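# Examining the three-dimensional arrangement
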Amino acid sequence: MDAMQQVVSLLEQTLDLNGRAASFTADTQLLGALPELNSMAVLALITGLEERLGIMVDDDEIDGRVFATVGSLTDFVRSKLAP
Amino acid sequence: MLKPVPPEAFFLDLPLAEGRGTARRFALLHPPQGGHRRGAVLYVHPLAEELNCSRRIAAQQARALARDGWAVLQLDLYGCGDSAGDFGDATWDQWVDDVLAGAEWLRQRVSLPAAAPLCLWGLRAGALLCAEAARRAPRPCHLLFWAPSVSGKVALHQFLRLRATAEMMSSGAKGVMGRLRQELDQGRPVEVAGYMVSATLASGLELATLSPPGAGSLPACLDWFELRMPEPGQATGAPPALRPWQDAGFETAFHLVDGPAFWQTPEFAAAPALIEQTVAALSRHGAP
């Protein structure tokens, strides 16, 4: 599974989107556009990324720009997975 | 077929820290159904919003266990749910004392026979409280963990992060965690997601570990449940934190079941496999 698939699948599960994530593209807006994405859901998403991908998110990286779109979140995950 | 006995809701007067008298804790007792007396189970809830999100499934599990012959007590800890006190006045030690007092009350209330087990059942940070209570309990307790927090340090960090994510939505989260830590280090409370967290509670939680009690607490069993969404490529092995319990002589079982992380979402969630397999796991330990 590539980084974007991981992100989309985690969004689907964490936010319980009933399959809506299947139509997500890199341009899909997240923060402010998805009503399910409240602060508890963002936290669940960060924790999910850490646990599933074995990455560590620094506290100061919790930034609105990262969670703006599916593409920005995927870029962030890729930068974390890069050797 | 015997008529089902409904759960009883009431307040229990339990002690506060020394010299502060007693205060009411909200309690829900599910009496054992059908004349069985397998043993008693005390449910220890997770913290803050996770308590609210998990109420429904905890109640469903409590009823299912009662139908299988267990007496189950759901207790709201001091400053939580419908119990007296403010969250901001709660301390970790007070909560451990609540768990021990609740367990003792339950043992006496259902006149638990010596051979019948008492089981502490904890969800998320509730499992950390169960582990600490088991280390201090005068008698062996069985343990049932649901998606336990494996360390208080991580649990506190995740909880403080809620404030960071909330601030991210409005402005920016840069430096938020550092500021919160600094406040707590200086003995001042911080507010997270509508909950005041005292410096005492934060330090107590941060030191909490999921480590097993000593040999005086045997024989005892630990059933550890994790939930996952059905999906290929996910880890399926037992978590490393289970190992010390095996080494300590606990009879352990790890159960991976399909179901959502229901404590994170306020929406309706169902976890029938978790409830069914929890009943099956505990029935192996109950009095016949």
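Here the structure is a predicted model, which means the values were calculated and not measured. Throughout, a residue's number is its position along its own chain's written sequence, starting from 1. Note on labels: chains are lettered from A, ligands numbered from 1, in written order. Totals for whole chains, interfaces and linings use every residue, but because this is a predicted model, local features are given only for residues with pLDDT of at least 70 and side-chain atom pairs only at 80 or more, for both listing and counting. Where side-chain values are given, they derive from all heavy atoms of the structure, hydrogens and water being excluded.

Turning our eyes to something else, we now look at the pairing of strand 6 (residues 142-146) of chain B. All names here are of chain B. Buried residues are those whose accessible area, probed at 1.4 Å on protein chains only, stays under 20% of the maximum for their type, while exposed residues exceed 50% and partly exposed ones sit between those limits. Here a strand is any run of E in DSSP of at least two residues, a helix any run of H or I of at least four, and the numbering for each starts at the N terminus. For strand 6, the buried fraction is high: 5 of the 5 residues fall into the buried class. Of the two faces of strand 6, both are covered, the one formed by His142, Leu144 and Trp146 as well as the one formed by Leu143 and Phe145. Note: strand 5 (residues 118-123) against strand 6, 5 bridges, orientation parallel. Bridging across to strand 6, Leu123 finds its partner in Trp146. When strand 6 meets strand 9 (residues 221-228), the two strands line up parallel, connected through 4 bridges. What sits directly across from Trp146, in strand 9, is Phe225. Strands are labelled as partners when DSSP assigns at least two bridges between them.

Residue and element names in this part refer to chain A. Here Leu10 lies in helix 1 (residues 3-15). C-alpha separation for the pair Leu10 and Leu45, spaced 35 residues apart in sequence, amounts to 7.1 Å. In contact with Leu10, other than residues within four places in its own chain, are Leu15, Leu45, Gly48, Leu49 and Arg52. Two residues qualify as a contact provided that any one of their heavy atoms is within 4.5 Å of a heavy atom in the partner residue.

Turning to helix 6 (residues 199-207) of chain B, a few remarks are in order. Buried residues of helix 6 of chain B: Ala199, Leu201, Ala202, Gly204 and Leu205 of chain B, and no others. Elements in contact with the buried residues of helix 6 of chain B: helix 2 (92-109), helix 3 (125-136), helix 4 (152-170), helix 5 (176-185) and strand 8 (195-197) of chain B.

Turning next to the pattern of salt bridges. All names here are of chain B. Throughout this description, the term salt bridge denotes a Lys or Arg side-chain nitrogen within 4 Å of a carboxyl oxygen of Asp or Glu. The final tally for this structure, using the stated rule, is 23 salt bridges over all chains. Between Arg135 and Glu132 there is a salt bridge whose closest N-O contact spans 2.6 Å. One end of the pair is Arg135 and the other is Glu132, both in helix 3 and 3 residues apart, which spans about a single turn. Among the residues examined, Arg135 registers a relative accessible area of 28% and is labelled partly exposed. Since its relative accessible area comes to 17%, Glu132 is described here as buried. For the salt bridge of Arg136 with Glu132, the shortest nitrogen-to-oxygen distance reads 3.0 Å. Here Arg136 pairs with Glu132, and both are found in helix 3, just 4 residues apart, close to one helical turn. On the basis of relative accessibility, which here comes to 37%, the residue Arg136 falls in the partly exposed class. Several salt bridges share partner residues, and in doing so they unite Asp93, Asp97, Glu132, Arg135 and Arg136 into one network.

Okay, the sheet that holds strand 5 of chain B next. Residues and elements named next belong to chain B. Spatial strand order, 1-2-4-3-5-6-9-10: 8 strands in an open sheet with mixed pairing. Here the strands that pair on one side only, and so sit at the sheet edges, are strand 1 (8-15) and strand 10 (251-258). Strand after strand, the sheet turns through a mean of 25 degrees between neighbouring axes, direction not considered. Bridge count between strand 1 and strand 2 (residues 22-30): 8 bridges; the pairing is antiparallel. Residue pairing across strands places Leu12 opposite Arg25, the latter belonging to strand 2. Axes, fitted as lines to C-alpha atoms, cover a helix only where it is in contact. Angles between the N-to-C directions of the axes lie from 0 to 180 degrees.

Next up on the list: the nonpolar core. Residue and element names in this part refer to chain B. In plain words, nonpolar cores are sets of buried Ala, Val, Leu, Ile, Met, Phe, Trp, Tyr and Cys residues tied together by side-chain atoms within 4.5 Å. Ranked by internal contacts, the top residues of the largest apolar core, which has 103 residues, are Trp92, Trp95, Leu120 and Phe145. Ignoring any residue separated from it by four or fewer positions in sequence, one finds Phe145 in contact with Gly122, Ala127, Cys130, Ala131, Leu210, Leu222, Asp223, Trp224, Phe225 and Trp245. Within the second largest apolar cluster, 27 residues are counted, among which are Ile57, Ala62, Leu123 and Leu227.

It is worth spelling out the interface of chain B and chain A at this point. Chain B puts 21 residues into the contact, and the matching count from chain A is 25 residues. Connecting chain B to chain A are 2 salt bridges. Across the salt bridge formed by Asp59 of chain A and Arg161 of chain B, the nearest N and O atoms sit 3.0 Å from each other. Here a polar contact means two N or O atoms within 3.5 Å. Within protein one must be a hydrogen donor candidate and the other an acceptor candidate, and residues neighboring in sequence count only if both atoms are side-chain atoms. Counting across the chain B and chain A interface gives 6 residue pairs in polar contact (both at pLDDT 80 or more). It is helix 4 of chain B that contributes the most residues to the side of chain B that touches chain A, 9 residues altogether.

All right, on to helix 1 of chain A then. Residue and element names in this part refer to chain A. To estimate how far a helix should reach, multiply one less than its number of residues by 1.5 Å. Between the first and last C-alpha of helix 1 there are 18 Å, a value that for 13 residues agrees with the 18 Å anticipated at 1.5 Å per step. Taken together, the buried positions of helix 1 are occupied by Ala3, Gln6, Val7, Val8, Ser9, Leu10, Leu11, Thr14 and Leu15. On its buried side, helix 1 packs onto helix 2 (39-53) and helix 3 (70-81). Following helix 1 by one or two positions, Asp16 has its phi on the positive side, about 55 degrees.

Below, the discussion takes up the packing of aromatic side chains. Residue and element names in this part refer to chain B. Note on aromatic pairs: the rings of Phe, Tyr and Trp (six-membered ring only in Trp) are paired at centre separations within 6.5 Å, and the planes decide the class, stacked below 30 degrees, edge-to-face beyond 60, tilted for the rest. A full pass over the atoms with the stated rule returns 12 aromatic pairs over all chains. On the numbers, 5.8 Å between centres and 70 degrees between planes, the contact of Phe11 with Phe26 is edge-to-face. Here Phe11, found in strand 1, pairs with Phe26, found in strand 2; they are 15 residues apart in sequence, far enough to count as distant. Residue class for Phe11 comes out partly exposed when judged on its relative accessible area of 38%. Seen in terms of ring centroids, Tyr43 and Trp121 are 4.4 Å apart; in terms of plane orientation they differ by 50 degrees. Their pairing is tilted. Linking Tyr43 in strand 3 (residues 39-44) with Trp121 in strand 5, this pair joins segments that are 78 residues apart in sequence.

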